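Listed below are the residues making up each chain.
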Amino acid sequence: MRNYFAAALAMLVFSLLMANVVSAYGYGTSSISLNSNGSSLAAGGSTSVGYTVSLASGSTWGTTLSVVNAQQLSSSGISVSLSNTYGDPTYSGTMTVNVGASAQPGNYTITLSATGDDPSSSNANFVLTVLAPAPATTAQTTTAAGQTTSQQTTSVQQTTTAPKPTTTANSSTTGVGAYYSPGNGTAQIASSILIVIIVLAALYGLFAWKSRLARLAVIGVALILIGTVVWLYGDYAGGIQSYIWGGFAVILVGTAVWVYGDMKGGTFRQRVGKLVWLSIILILIGAIGWAYGELYAPGMSAYWWGGTALLVIGTLIWLYGDTKSGAFLRKGK
């Protein structure tokens, strides 16, 4: 029994690491270069500058470019758009900067950062100087009592430059384009906490139940849930393909392990066998439907959460079926 427990635990640890290994494939670093490091504009003006995200080390994989301080700049009346935000380095695009009429004169720094499987080791900065309105002098002549007096008055002249059109381009090398939102730290923290909770619950289950059927069911549940969390993180972290397909692979491994356990435990020969088959079908539909969304409708959260709902519902039904079959009451097989 100890040997079996060690093997089951090793299988769980190996499968957990699998998501990490798959997601780590293609990891490297990237560098960001700008055709110009700065520009001066009057309020109402705009400018465009080219950028390139190049591979600095490692292998190429999906990388997302974003403006780190976009929200802060927007509150100051400055909007920044990127024509191409996702791709396998090397890829390039155009950054368009529009200065609103309400923008105050001063210096502003636009910071670009690459995240994903080839994150940038350092940010790229573009210094924008918003110019103060230039004063205009007007001569005013007044005639009184045969005398002519000239008086100069100063008025503020607003310079307006029509904004250049913004073009949104998608990456053609990966097939996902710029449909995903840039990654954020909240998704990483939440997914890490969920994975830790799932692992701790799985370890408790391996200690609490001694039968092979129960332990394989615990491992299967853990892998399906971990794969789902990893997959969701890949979507919300900017469409990181290694996490997306790594999570998909772990879900399939967990399903296979669970099916093997139920086959050996005789669950399919009992009345609840049909219920278990239903849960497996739901899990497969959820995983395949989600994968379809990644390939043909990237960035659509309806596929993410639809797949998640089917995976979780299928897992709960499967657990109920195994419980009814007595899997968690057996001391032996």
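Above this text is the structure in question.
All values reported here derive from a predicted model rather than from experimental measurement. (Residues numbered from 1 in each chain as written. Predicted model: local features only at pLDDT ≥ 70, side-chain atom pairs only at ≥ 80, totals over all residues. Heavy atoms only, no water.)

*Asks:* Tell me what's going on with the overall build of the chain, and back it up with residues and numbers.
*Replies:* Regarding its fold elements, the chain presents seven helices and eleven strands. Expressed as a percentage of its 333 residues, the buried residues of the chain come to 44%. Nonlocal contacts in the chain, meaning residues at least 24 apart in sequence, comprise 73% of its contacts between residues at least 6 apart. When the accessible surface of the chain is totalled, it reaches about 16900 Å², and 61% of it is carbon and sulfur. (Helix = DSSP H or I, 4+ residues; strand = E, 2+ residues; numbered from the N terminus. Buried < 20%, exposed > 50% of the residue type's maximum accessible area, 1.4 Å probe, protein only. Contact = heavy atoms within 4.5 Å. Areas by Shrake-Rupley, 256 points an atom, 1.4 Å probe, with all protein chains shown as cover.)

*Asks:* Go over the side chain of Thr315, please, and point to the residues and values.
*Replies:* Along the chain, Thr315 falls in helix H7 (residues 301-324). Owing to a relative accessible area of 3%, Thr315 belongs among the buried residues under this scheme. Leave out the neighbours within four places in its chain, and Thr315 touches Val221, Ile224, Trp258 and Ile283.

*Asks:* Break down the packing of aromatic side chains for me, citing the residues and quoting the values.
*Replies:* Tallied over the full model, the rule gives eleven aromatic pairs. Ring centres of Trp209 and Phe328 lie 5.0 Å apart, and the angle between their planes is 65°; on these two criteria the pair is classed as edge-to-face. Note that Trp209 is positioned in the loop between helix H3 (185-208) and helix H4 (212-236) and Phe328 in the segment after H7, a separation of 119 residues in sequence. Relative accessible area serves as the criterion here: at 29%, Trp209 is assigned to the partly exposed category. Look at Tyr236 and Trp305: their rings are 6.2 Å apart centre to centre, the planes differ by 55°, and that puts the pair in the tilted class. One end of the pair, Tyr236, is in helix H4; the other, Trp305, is in helix H7, and 69 residues separate them in sequence. An aromatic cluster of at least three residues, connected via ring pairs, comprises Trp231, Trp245, Phe248 and Trp290. (Phe/Tyr/Trp six-rings, centres within 6.5 Å; stacked < 30°, edge-to-face > 60°.)

*Asks:* Pulling in residues and values, what's your account of helix H5 (residues 241-265)?
*Replies:* Across its 25 residues, H5 extends 36 Å between first and last C-alpha, which sits within 8% of the 36 Å expected from 1.5 Å per residue. Immediately beyond the C-terminal end of H5, within one or two residues, lies Gly266, with a positive phi of roughly 80°. (Expected span 1.5 Å × (residues − 1).)

*Asks:* Residue-level account of the sheet that holds strand S1 (residues 28-34), with values.
*Replies:* As summarised here, the arrangement of the four strands in space is S1-S3-S7-S5, forming an open sheet in which the pairing is antiparallel. Two strands in the sheet have a free side with no partner beyond their single neighbour: S1 and strand S5 (78-82). Strand-to-strand twist across the sheet, computed as the mean angle between neighbouring axes with direction ignored, equals 25°. Where strand S3 (residues 46-58) and strand S7 (residues 91-99) come together, eight bridges link them in antiparallel fashion. In the strand pairing of S7, Thr47 is matched with Val97. (Pairing = 2+ DSSP bridges. Axes fitted to C-alpha atoms, helices over the stretch in contact; angles between N-to-C directions.)

*Asks:* Quick one: what's the story with the sheet that holds strand S2 (residues 38-42), residue by residue and with numbers?
*Replies:* Judged by pairing direction, the sheet is mixed, and its five strands sit side by side in the order S2-S9-S8-S4-S6 without closing on themselves. Each edge of the open sheet is held by one strand with a lone partner, namely S2 and strand S6 (86-87). In this structure, strand S8 (residues 106-116) lies alongside strand S9 (residues 124-131), joined through seven bridges in antiparallel fashion. Within S9, the residue paired with Leu112 across the bridge is Ala124.

*Asks:* Explain the packing of H5 against helix H6 (residues 273-296) residue by residue, including any values.
*Replies:* Where H5 contacts H6, the two axes come as close as 11 Å, and the packing angle between them is 165°. What the angle tells us is that H5 and H6 run roughly antiparallel. Judged by the sense of rotation from one axis to the other, the crossing of H5 with H6 is left-handed. In contact with Ile244, Trp245, Phe248, Ile251, Leu252, Thr255, Val259 and Asp262 of H5, H6 contributes Val276, Ile280, Ile283, Leu284, Ala287, Ala291, Glu294 and Leu295. Here the contact of H5 with H6 is built from residues that sort into 13 nonpolar, one polar and two charged. (Parallel < 35°, antiparallel > 145°, perpendicular 65-115°, else oblique. Left-handed = near helix turned anticlockwise from the far one by under 90°. Nonpolar A, V, L, I, M, F, W, Y, C, P; charged D, E, K, R; others polar.)

*Asks:* Can you break down the nonpolar core residue by residue, with the values?
*Replies:* A general feature of soluble globular proteins is that nonpolar side chains tend to end up buried together. With 42 residues, the main nonpolar core has Trp231 and Trp318 as its most contacted residues. For this core, the elements supplying multiple residues, two or more each, are H3, H4, H5, H6 and H7. In terms of residues, this core owes the most to one element, H4, which gives 16 residues. Those residues within four positions of Trp231 in sequence are excluded, and the remaining contacts are Tyr243, Ile244, Gly247, Phe248, Ile251, Ala287, Trp290, Ala291 and Glu294. (Core = buried A, V, L, I, M, F, W, Y, C linked by side-chain atoms within 4.5 Å.)

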